[in-house]
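Listed below, chain by chain, are the residues.
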Amino acid sequence: MSQQTLEFYKNKRVLITGHTGFKGSWMCQMLLEAGASVCGYALEPEKGGLFELAGLENGVDSIYGDIRDLENLQKIFERIEPEIVIHMAAQPLVRTSYEAPVYTYDVNVMGTVNVLDCVRRTDSVRSFLNVTTDKVYRNREWEWGYRENEELNGFDPYSNSKSCSELVTSGYRNSFFTGRDIAITTVRAGNVIGGGDFARDRIIPDCIRAAEAGKEIVVRNPHSIRPYQHVLEPVAAYLMIAARQYEDRQIEGSYNIGPEEADCLTTGKLVDAFCEAWKDIMGVEAGWVNRHDGGPHEAGILKLDCAKIKNTFGWKPLWSAYDAIAKIVEWQKEFRTGEGAKAAMIKQIREYQEKAGQKG
């Protein structure tokens, strides 16, 4: 995050839904570093999750509730009077969406409706960001990246519910926000990786759990290609967009946020990089095995075209996928042997900001 964006957020009232999750935790810490007044609305954090481990409860005004509870959510908006709202609350796992499709649609679609309706009724809001996913596009297994004007039609219940969330946002923008001084944007990030992600059915957490247990890493589909990026890349981009559109509504819309073409790696190459970093940083060998477990459909290739965010904001990713892997292993080492999760997060946020300053 640039110095200009950091200064913008000082004393700004920011409401984040889903703030206790992996990306939400990194965003909370980055906003606290910037001096923002941060309020979060989410389910209670998981025991042993990043939000708890980093002690973010002490810096964030946390309200625990269900995004589907419109009445409660409206009371929070009335109390906080946020200037900026970032909607991240979601059921985020593809496999879970097959197990609980009704719940997934309820959270991801009606949750978005509820948040937007609260925004509609709250005059203080100037900037709204809906965080969706790169999986909102109808995947045609193209070699090139999807652009923001491509067809939305995710395959599985999770991806499809996020496509619906995009359409809900567009419908509310057209119906209720034309002529009002508020910017409405959706952001579609690639596969996000980083320290402190302990979720099931995600490749990097699976790698860490296996490596720490001295077991082989099981890779379900080593040939699938994904746009991997460190969590600070999209988080910093979200905050940049929310800040810039606060001051200039003309740039609202939808934006892809992904890595450079060279960082769209096969899962096998990503795990190779992890094993190499684990050996270099931890001093312990790690290896993996290709073992498909008969799970649900997975796309073979997925890339994003990020020309729009680059042309509009002059944005570009700062860390490669290989940098990201090294940062993850460094984070894990600091977390296990250093001063803990919060110190590891602050260290990497400052490293990222220093890199952003060099770019500027």
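My aim in this report is to walk through the structure given alongside it, one point at a time.

Conventions adopted
Residues numbered from 1 in each chain as written. Predicted model: local features only at pLDDT ≥ 70, side-chain atom pairs only at ≥ 80, totals over all residues. Heavy atoms only, no water. Helix = DSSP H or I, 4+ residues; strand = E, 2+ residues; numbered from the N terminus. Expected span 1.5 Å × (residues − 1). Buried < 20%, exposed > 50% of the residue type's maximum accessible area, 1.4 Å probe, protein only. Contact = heavy atoms within 4.5 Å. Phe/Tyr/Trp six-rings, centres within 6.5 Å; stacked < 30°, edge-to-face > 60°. Lys NZ or Arg CZ within 6 Å of the ring centre and 35° of its normal. Pairing = 2+ DSSP bridges. Axes fitted to C-alpha atoms, helices over the stretch in contact; angles between N-to-C directions. Parallel < 35°, antiparallel > 145°, perpendicular 65-115°, else oblique. Left-handed = near helix turned anticlockwise from the far one by under 90°. Nonpolar A, V, L, I, M, F, W, Y, C, P; charged D, E, K, R; others polar.

**Here's the deal with helix α12 (residues 321-337)**
Piece 1. Here α12 contains 17 residues, and its C-alpha end-to-end distance of 24 Å stays within 8% of the 24 Å for a straight helix at 1.5 Å per residue.
Piece 2. Within α12 the residues assigned to the buried category are A321, A324, I325, K327, I328, V329, W331, Q332 and F335.

**Structural notes on helix α2 (residues 22-34)**
Piece 1. For α2, with 13 residues, the first-to-last C-alpha span of 19 Å sits near the 18 Å given by 1.5 Å per residue.
Piece 2. The buried fraction of α2 amounts to eleven of the 13 residues, a majority that puts the element mostly inside the structure.
Piece 3. Of all the positions in α2, only F22, K23, G24, S25, W26, M27, C28, Q29, M30, L31 and A34 are classed as buried.
Piece 4. Note on α2: the residue one or two positions beyond its end, G35, has a positive phi of about 85°.

**Some words on the environment of F22**
Piece 1. By the element assignment, F22 lies in helix α2.
Piece 2. On the basis of relative accessibility, which here comes to 12%, the residue F22 falls in the buried class.
Piece 3. As for F22 and A326, which are separated by 304 residues in sequence, their C-alpha atoms are 18 Å apart.
Piece 4. The residues touching F22, leaving out its near neighbours within four places in the chain, are L50, V192, I193, G194, G195, G196, D197 and V231.

**Concerning the packing of aromatic side chains**
Piece 1. With the rule as written, the count across this model stands at eleven aromatic pairs.
Piece 2. The interplanar angle of 10° and the centroid separation of 5.5 Å between the aromatic rings of Y137 and Y146 together place this pair among those described as stacked. Per residue, the accessibility class of Y137 equals that of Y146, and both read buried.
Piece 3. Considering the side-chain rings of W142 and W144, the 5.3 Å spacing of their centres and the 20° angle between planes classify their relative orientation as stacked.
Piece 4. On the basis of relative accessible area, W142 is assigned to the partly exposed category, the value being 22%.
Piece 5. Aromatic rings pair up to connect Y137, W142, W144 and Y146 into one cluster.
Piece 6. The side chain of K12 reaches across the aromatic face of F8, ending 4.3 Å from its centre.
Piece 7. Lying over the aromatic face of Y246, R126 brings its terminal NZ or CZ to 4.3 Å of the ring centre.

**Let's talk about the sheet that holds strand β7 (residues 191-193)**
Piece 1. Taken in spatial order, the three strands line up as β7-β9-β11 in an open sheet, and their pairing is mixed. The open sheet terminates on both sides in strands that have one partner only, identified here as β7 and β11 (264-266). Each strand axis lies, on average, 50° off the axis of its neighbour in the sheet, ignoring direction.
Piece 2. Bridge count between strand β9 (residues 225-230) and β11: three bridges; the pairing is antiparallel. Across the sheet, residue P227 finds its bridge partner in β11, namely C264.
Piece 3. Each of β7, β9 and β11 touches helix α10 (residues 267-282); the most contacted strand, β11, lies at about 90° to it.

**Regarding the pairing of β9**
Sheet faces and side chains relate simply in a regular strand, where the side chains alternate between the two faces.
Piece 1. With six of its six residues buried, β9 lies for the most part within the structure.
Piece 2. Burial of β9 is two-sided: the residues I225, P227 and Q229 facing one way and the residues R226, Y228 and H230 facing the other way are all buried.
Piece 3. Bridge count between β7 and β9: three bridges; the pairing is parallel. Bridged to N191 within β9 is Y228.

**Section: the packing of α2 against helix α9 (residues 232-247)**
Piece 1. Here α2 crosses α9 at 55°, and the two axes come no closer than 10 Å. What the angle tells us is that α2 and α9 run oblique. Judged by the sense of rotation from one axis to the other, the crossing of α2 with α9 is right-handed. Where α2 approaches α9, its residues K23, W26, M27, M30 and L31 are matched on the opposing element by L232, V235, A236, Y238 and L239.
Piece 2. Residue composition of the contact of α2 with α9, grouped by class: nine nonpolar, no polar and one charged.

**Considering the sheet that holds strand β4 (residues 84-87)**
Piece 1. Sheet architecture is open: seven strands sit in the order β3-β2-β1-β4-β5-β6-β10, paired in parallel fashion. Strand pairing shows two members of the sheet lacking a second neighbour, β3 (61-64) and β10 (254-257), which therefore form its edges. Between one strand axis and the next, the sheet turns by 20° as a mean value, whatever way the strands run.
Piece 2. Bridge analysis of strand β1 (residues 13-17) against β4 gives four bridges, and the strand direction is parallel. From the neighbouring strand, I16 faces β4, where its bridge partner is I86.
Piece 3. Relative to the sheet, helix α4 (residues 70-80) contacts β1, β2 (37-42), β3 and β4, its axis offset from that of β2 by approximately 175°.
Piece 4. Together, β5 (127-131), β6 (183-189) and β10 form the strand contacts of helix α7 (residues 157-176), whose direction differs from that of β6 by roughly 165°.

Treat this as a map of the structure, not an account of what it does.
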